[in-house]
Number of protein chains: 2
Amino acid sequence: VLVGPGDDAAAVRPTRRPLLLTTDSLIESVHFRHGWTSPADLGRRAFAVNASDIAAMGGAPRYALVALEIPGRAPVAEIDALVAGFSTAARRSGARLIGGNLARGPHLAITVTLIGEAPGRVVTRSGARPGDHLFVTGALGATGLAVRRLAAGRRGRLPALPNRVSQGILLARLAHAMIDVSDGLAQDLGHVCRASSVAAEIELARLPVATACRRALGERAEVFAATAGEDYELLVAIPPHQLPALARLRLGCRLTEIGRVARGRPAVRLLDRAGLPVRVPRGGFDHFARA
Amino acid sequence: VLVGPGDDAAAVRPTRRPLLLTTDSLIESVHFRHGWTSPADLGRRAFAVNASDIAAMGGAPRYALVALEIPGRAPVAEIDALVAGFSTAARRSGARLIGGNLARGPHLAITVTLIGEAPGRVVTRSGARPGDHLFVTGALGATGLAVRRLAAGRRGRLPALPNRVSQGILLARLAHAMIDVSDGLAQDLGHVCRASSVAAEIELARLPVATACRRALGERAEVFAATAGEDYELLVAIPPHQLPALARLRLGCRLTEIGRVARGRPAVRLLDRAGLPVRVPRGGFDHFARA
């Protein structure tokens, strides 16, 4: 870092590695509501959702910029806590907060730009091929469930978001395509299918459903976990010849095979235990708000 | 550009030149009001205010990311026009829009991250030295006046913001310090003074006051132009031995000497024709709203 925060712009000396650049916002009343969580946790989450995009390309976060919209009522201590939460999460992930912008606004909004470096291959959404095996890291459904409970006015706590940076770098060596699960597994796999011009199938019975989600939703848990979103796990398409290498990776987190890429028009089929397609209502599962 | 918009992150291959990174927001009801200007012009302005920060470091914009908060009532055509305005301005300045984010929000907010490259020296705010001559590009006060008139409910048009990228690169070769004039000449010079631990004097009679501002405000025009802000011109501190080289630069815009850097505690003095300090009310000149 040649010039840090406080000047017109920050300045850094790049390496020869590809730079990865992403921007994402957390907006009050859209992505969260006031009181759902602490300012420090909001800062951590704002970092995590952006780091997830860098991880999904096979990169590691390096530099962060934060643009804050802060309502007049927000105490300075809360802003400090938010920035400290962000900054600590960034540092733990090998990144530095090098600049930002502060503006008054009618509500709290945190827009982060994260710049990462790819130590090896850059993996996009567009390389999936028929026959690829689909895997997902971690477990699904816990955050989606917590968000819907909080939105329904019930008490609850947002689970910490996973950090899959090291896993993303390892998986990038073998993957045809990778994406992070933010909109929902089925929706994000749909993005991969469209970008890669392939179809895909998910076997619901194989999904790594989070315990809290399984317990709360019973037999509805699998479809919920496949569509709820907010997981920030990695979904990855691995060609068959890389499966032995995949088995040798020391990922440090759960990795579950959940389906296959297939020939055909871009579409995602969710299959039940009998191998029959499950219909998913359009617009997702907001009726689970009272789950 | 290795990966453009539409994936989890964009990917670019950097050169060895220093990278400059800045982020800035334009927020409805804070930085502008609905109806003040067209969506395309808002897009252009969002690019220009960020390009100004890159220019003030001696760099050229290369890659842009745009995070939009869009109210539900905004027609798609307006969003398209805004992004097209931004994108065209970026392209004309040698930069590419490589990614972004779109979120619903209660009001329109445009947060831009601009990544530039410095072809030569990176100039900060902190290098000004006693004896440096202070210069400013272009003319001051026109946009500040237009904003206050519009805010007061009067008819008017926001002038186009200047593009000082090529001037910034040329001035960076000679400058001890540089900053763009966004808060107001006196305020921004104050930032330079604090960062450089110096004092500074501005001779109000030498200020390049915009014609519209001079005409509207008469003898108050100079103090207004020194404090109104929104100019996005470059303020630069040049050491005496570089004045001959400065005279040889072909800047392609007006450059006016307006004062000097001096020894002393960080402070900016505005001097009238008699060389006496002019008192500037705290909080700037919002009472000019009805100017």
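An account of the accompanying structure is given in this report.

About the thresholds
- Residues numbered from 1 in each chain as written.
- Chains lettered and ligands numbered in written order.
- Predicted model: local features only at pLDDT ≥ 70, side-chain atom pairs only at ≥ 80, totals over all residues.
- Heavy atoms only, no water.
- Helix = DSSP H or I, 4+ residues; strand = E, 2+ residues; numbered from the N terminus.
- Buried < 20%, exposed > 50% of the residue type's maximum accessible area, 1.4 Å probe, protein only.
- Polar contact = N/O pair within 3.5 Å; in protein donor to acceptor, adjacent residues only side chain to side chain.
- Contact = heavy atoms within 4.5 Å.
- Least-squares fit on C-alpha atoms with pLDDT ≥ 70 in both.
- Phe/Tyr/Trp six-rings, centres within 6.5 Å; stacked < 30°, edge-to-face > 60°.
- Pairing = 2+ DSSP bridges.
- Axes fitted to C-alpha atoms, helices over the stretch in contact; angles between N-to-C directions.
- Parallel < 35°, antiparallel > 145°, perpendicular 65-115°, else oblique.
- Left-handed = near helix turned anticlockwise from the far one by under 90°.

**Observations concerning the side chain of B:Asp7**
- As for its placement among the helices and strands, B:Asp7 is situated in the segment before strand S1 (10–12).
- Residue B:Asp7 is classed as buried on the basis of its relative accessible area of 16%.
- There is a polar contact of 2.9 Å between the side chain of B:Asp7 and the backbone nitrogen of A:Arg125.
- Sequence-distant contacts of B:Asp7, defined by excluding residues within four places in its chain, comprise A:Met57, A:Thr124 and A:Arg125.

**Things to note about the relation of the copies chain A and chain B**
- Of the transformation superimposing chain A on chain B, the axial component is 0.0 Å and the angular component is 180°, with the fit at an RMSD of 0.0 Å. When the rotation and shift are considered jointly, the pair of chain copies conforms to a two-fold rotation axis.
- Take the interface residues of chain A: 100% of them recur as interface residues in chain B, which is what a same-surface contact looks like.

**Things to note about the packing of aromatic side chains**
All names here are of chain A.
- If you walk through the whole model with that rule in mind, you get two aromatic pairs over all chains.
- Geometrically, the ring pair formed by phenylalanine 47 and phenylalanine 86 is edge-to-face, given 5.6 Å between the ring centres and 80° between the ring planes. A residue pair is termed long-range when its members are at least 10 positions apart, and phenylalanine 47 in helix H1 (residues 39–55) and phenylalanine 86 in helix H2 (residues 76–92) qualify at 39 residues. For the pair shown, phenylalanine 47 and phenylalanine 86 are each scored as buried.

**Section: the sheet that holds strand S6 (residues 133–137) of chain A**
Residues and elements named next belong to chain A.
- The sheet built from six strands is open, its strands ordered S7-S9-S6-S10-S8-S11 with mixed pairing. The sheet is open, and its two borders are formed by strand S7 (177–180) and strand S11 (267–271), each paired with just one other strand. This sheet shows a mean twist of 25° between the axes of neighbouring strands, independent of strand direction.
- By the bridge criterion, four bridges tie strand S8 (residues 199–203) to strand S10 (residues 255–262) in an arrangement that is antiparallel. Each bridged residue has a counterpart across the sheet, and for alanine 199 the counterpart in S10 is alanine 262.
- Of the strands in this sheet, S7 and strand S9 (234–238) touch H1, which is tilted by about 175° from S7.
- Sheet strands touched by helix H4 (residues 165–172): S6, S7, S9 and S10. Its angle to S9, the strand with the most contacts, is close to 10°.

**Examining the packing of H1(A) against H2(A)**
Residues and elements named next belong to chain A.
- For the pair H1 and H2, interaxial distance at closest approach is 7 Å and the crossing angle is 40°. The angle between H1 and H2 places the two elements in the oblique class. As for the relative orientation of H1 and H2, their crossing is right-handed in sense. Listed contacts from H2 to Pro39, Ala40, Gly43, Arg44, Ala46 and Phe47 of H1 are Glu78, Ala81, Leu82, Gly85, Phe86, Ala89 and Ala90.

**Some details on the pairing of strand S10 (residues 255–262) of chain B**
- Inspection of the sheet shows strand S6 (residues 133–137) of chain B paired to S10(B) by five bridges, in the antiparallel sense. Across the sheet, B:His133 pairs through a bridge with B:Arg260, a residue of S10(B).

**Concerning unusual backbone geometry**
- Backbone geometry places A:Ser29, a non-glycine residue, at a positive phi of 75°.
- Looking at the element boundaries, A:Ser29 is found in the loop between strand S2 (19–27) and H1.
- With a phi angle near 55°, B:Tyr232 is a residue other than glycine that sits in the positive phi range.
- Examined against the element boundaries, B:Tyr232 turns out to sit in the loop between helix H7 (221–227) and strand S9 (234–238).
- Since its relative accessible area comes to 11%, B:Tyr232 is described here as buried.

**Details of the sheet that holds S2(A)**
- Judged by pairing direction, the sheet is mixed, and its five strands sit side by side in the order S4(A)-S3(A)-S5(A)-S2(A)-S1(B) without closing on themselves. In this open sheet, the two strands that pair with only one neighbour each are strand S4 (96–104) of chain A together with S1 of chain B. Averaged over all pairs of adjacent strands, the angle between their axes in this sheet comes to 20°, without regard to strand direction.
- Here S2(A) runs beside S1(B); their pairing, made up of three bridges, is antiparallel. Note that in S1(B) the partner of A:Leu20 across the bridge is B:Ala11.
- In this fold H2(A) packs onto strand S3 (60–70), S4 and strand S5 (109–117) of chain A, with an angle of close to 165° to the strand it touches most, S3(A).

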